[in-house]
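For reference, the chains in residue letters:
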Amino acid sequence: RALEAAARELPLSWSLEIVRGDLIAVILQRTATADLLVLGRTRRPAYRGAHGEKVMRRLERRVARHPIVALFDGSTAAARVLDAALALERRAHGDMLVAIPASRPEQFAALRGQVDAILAVRGHAPTGYVCLPDAGIATVAETAKRRRAGAVLLPVADLARAEHEFEGLVDEIACPVVLIR
């Protein structure tokens, strides 16, 4: 429900499917035209079939208690990541943390300035920031674990080129991963 409400606030169409098989192969096959893709995995039996509403309530409660980590790298997709994170934050009354990959302080400052400008246009106060040494999946996973993320939103240019990295990220962290083109 939280993702559905967030999608309604943005110009997004969405769908939900449950499929079996090789996760990454299925994703690549079905997302040729998608702008947003949510990945997740669980070991809890309540995440099956008729318990879907219970799952969504858990997700909303998790995002209300744990920050939404949004990666911002300056790309157009990263601006859409901020929009989606803001919509989810408002829906769940949670907090957002913007993770900025920057190897130099001046690069971090420039990207943070872009985020502040985007947030100001959308009527949102400046938020929390964390500087990452890179945008690698291992770094993102470590940040998500350390910050106890409720959800991680990432800008993506091409799913096919990074299929194994995303598979590793889903295996590493215990929260939904939202990929946005």
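Criteria and cut-off values
- Residues numbered from 1 in each chain as written.
- Predicted model: local features only at pLDDT ≥ 70, side-chain atom pairs only at ≥ 80, totals over all residues.
- Heavy atoms only, no water.
- Helix = DSSP H or I, 4+ residues; strand = E, 2+ residues; numbered from the N terminus.
- Core = buried A, V, L, I, M, F, W, Y, C linked by side-chain atoms within 4.5 Å.
- Buried < 20%, exposed > 50% of the residue type's maximum accessible area, 1.4 Å probe, protein only.
- Contact = heavy atoms within 4.5 Å.
- Salt bridge = Lys/Arg side-chain N within 4 Å of Asp/Glu carboxyl O.
- Pairing = 2+ DSSP bridges.
- Right-handed = clockwise from strand over helix to strand, strands pointing away.
- Expected span 1.5 Å × (residues − 1).

**Student:** For this particular structure, what's the right way to read unusual backbone geometry?
**Tutor:** Both trends apply: most residues other than glycine have a negative phi, and most peptide bonds are in trans. Even without being glycine, His93 reaches a positive phi, approximately 55 degrees. Assignment of secondary structure puts His93 in the loop between helix H4 (76–92) and strand E3 (96–101).

**Student:** Would you explain the nonpolar core in this entry?
**Tutor:** Buried together is how nonpolar side chains tend to be arranged in soluble globular proteins. Among the nonpolar cores identified, the biggest contains 26 residues, and Phe72, Leu82, Met96, Val98, Ile100, Val115 and Leu153 are the most heavily contacted of them. Broken down by secondary-structure element, the contributors of at least two residues to this core are strand E2 (68–71), H4, E3, helix H5 (105–121), strand E5 (151–155) and strand E6 (177–180). Broken down by element, this core gets its largest block of residues, eight residues, from H4. Contact partners of Val98, with chain neighbours within four places excluded, come to Ala70, Phe72, Leu82, Val115, Thr127, Gly128, Tyr129 and Val130. Within the second largest apolar cluster, 19 residues are counted, among which are Val69, Ala99, Val177 and Leu179.

**Student:** Would you explain the pattern of salt bridges in this entry?
**Tutor:** For side chains of opposite charge, pairing can occur when their charged atoms come near one another. The final tally for this structure, using the stated rule, is two salt bridges. For Asp83, the salt bridge is made with Arg122, and the minimal N-O distance between the two is 2.3 Å. With Asp83 in helix H4 and Arg122 in the loop between H5 and strand E4 (128–132), the pair connects residues that are 39 residues apart, well separated along the chain. Classification of Asp83 as buried rests on a relative accessible area of 18%. With relative accessibility at 34%, the residue Arg122 sits in the partly exposed group. The shortest N-O distance in the salt bridge between Glu106 and Arg104 comes to 2.8 Å. Using a relative accessible area of 45% as the deciding quantity, one classes Arg104 as partly exposed.

**Student:** Can you help me understand the environment of Arg90 in this one?
**Tutor:** As for its position among the elements, Arg90 is in helix H4. The sequence separation of Arg90 and Ala6 amounts to 84 residues, and the corresponding C-alpha distance is 8.4 Å.

**Student:** Sorry if this is basic, but what is going on with the pairing of E3 here?
**Tutor:** Looking down a regular strand, the side chains alternate between one sheet face and the other. Taking burial as the measure, the six residues of E3 include six buried ones, the bulk of the element. Of the two faces of E3, both are covered, the one formed by Met96, Val98 and Ile100 as well as the one formed by Leu97, Ala99 and Pro101. Bridge count for E2 against E3 is four bridges, and the pairing is parallel. Pairing of Ala70 across the sheet is with Val98, part of E3. Note that E3 and E4 share five bridges and pair parallel. From the neighbouring strand, Leu97 faces E4, where its bridge partner is Gly128. Considered for its hand, the β-α-β crossover made up of E3, H5 and E4 is right-handed.

**Student:** Help me understand H4, please; the structure alone is not making it clear to me.
**Tutor:** Each α-helix turn comprises 3.6 residues. Residues three or four places apart therefore point the same way. Between its terminal C-alpha atoms H4 stretches 25 Å, which fits the 24 Å expected from 17 residues at 1.5 Å a residue. Of all 17 residues in H4, twelve are buried, a share of seventy percent or more. Taken from the residues just after H4, His93 is the one with a positive phi, measuring 55 degrees.

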